[in-house]
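Report on the structure
As a plain string of letters, each chain reads:
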Amino acid sequence: MRLFTFFSLLLICACSQNDDAKKDSKCYTFDERQCGGNPWLEDQSAQTTQAKLNALEEYLAEEDIEVRSINLDPDFHEFVCEACFICPQGGRYFVEIDSSDLPLLLAITLLNFEETSCP
């Protein structure tokens, strides 16, 4: 019985710590710029969705932003304008970061940046 109680308490503590970690994170979304206007894609060699995600995650790590989750919807915008740096290319990124890293993310001046609900 004591062993059962111990494991039950251990499970409850582990779950509450995980809930606390989720509370400290927020999700944000922003668009991919046209004309090579994304600092993480300067060399334009990343063409696949996974390559773009890897490049963004590396870039954010260099900016001291820890990414908890990351995703890209490459066809988010069906129609886009054709002005460089101010129009989206079509893709929209979704990132989950620690709430304390928000000022670092804001400093990057991302296109159409906004808070969103986490999946």
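Residues numbered from 1 in each chain as written. Predicted model: local features only at pLDDT ≥ 70, side-chain atom pairs only at ≥ 80, totals over all residues. Heavy atoms only, no water.

A look at the confidence of the model for the chain
Basically, it comes down to this: Confidence scores per residue from the predictor, reported as pLDDT, run from 0 to 100. Secondary structure counts use DSSP, requiring at least four H or I residues in a row for a helix and at least two E residues in a row for a strand, with both numbered from the N terminus. Only heavy atoms enter the contact rule, under which two residues are in contact if any of them lie within 4.5 Å.
Within the chain, residue pLDDT values average 81, and 77% of them lie at 70 or more. Highest mean pLDDT in the chain belongs to strand S2 (residues 67-73) (95); lowest belongs to helix H1 (residues 2-23) (46). Segment residues 2-17: pLDDT under 50, and zero contacts once partners within four positions in sequence are set aside and those in other chains are kept.

Re the sheet that holds strand S3 (residues 88-98)
Let me state the cut-off plainly: A pair of strands is treated as paired once DSSP finds two or more bridges between them. Axis lines are fitted to C-alpha atoms, over the contacting stretch for helices. Their N-to-C directions set the angle, which ranges from 0 to 180 degrees.
Spatially, S2-S3-S1-S4 is the arrangement adopted by the four strands of the open sheet, whose pairing is antiparallel. Each of the sheet's edge strands pairs with one partner strand only, and the pair in question is S2 and strand S4 (111-116). Averaged over neighbouring strand pairs, the angle between their axes works out to 20° when direction is ignored. Relative to S4, strand S1 (residues 25-33) runs antiparallel, the two sharing four bridges. Paired with Tyr28 across the two strands is Glu115, which belongs to S4. Sheet contacts for helix H2 (residues 49-62): S1, S2 and S3; angle to S2, the most-contacted strand, approximately 145°.

Thoughts on the pattern of salt bridges
Spelled out, the test is: Only one rule defines a salt bridge in this text: a Lys or Arg side-chain nitrogen within 4 Å of an Asp or Glu carboxyl oxygen.
One pass over the full model with this rule turns up five salt bridges. With a closest N to O distance of 3.2 Å, Lys52 and Glu32 form a salt bridge. In this pair, Lys52 is assigned in helix H2 and Glu32 in strand S1, connecting sequence segments 20 residues apart. The network of salt bridges with common partners includes Asp31, Arg92 and Glu114.

Description of unusual backbone geometry
As a reminder, the rule being used: Relative accessible area decides the class of each residue, using a 1.4 Å probe on protein chains only: under 20% of the type maximum gives buried, over 50% gives exposed, and in between gives partly exposed.
At Cys35, a position not held by glycine, the phi torsion is positive, near 60°. Note that Cys35 resides in the loop between S1 and H2. Exposure remark for Cys35: the relative accessible area of 40% places this residue in the partly exposed category. The phi torsion at Phe85 lies on the positive side, around 70°, for a residue other than glycine. For Phe85, the position within the fold is in the loop between S2 and S3.

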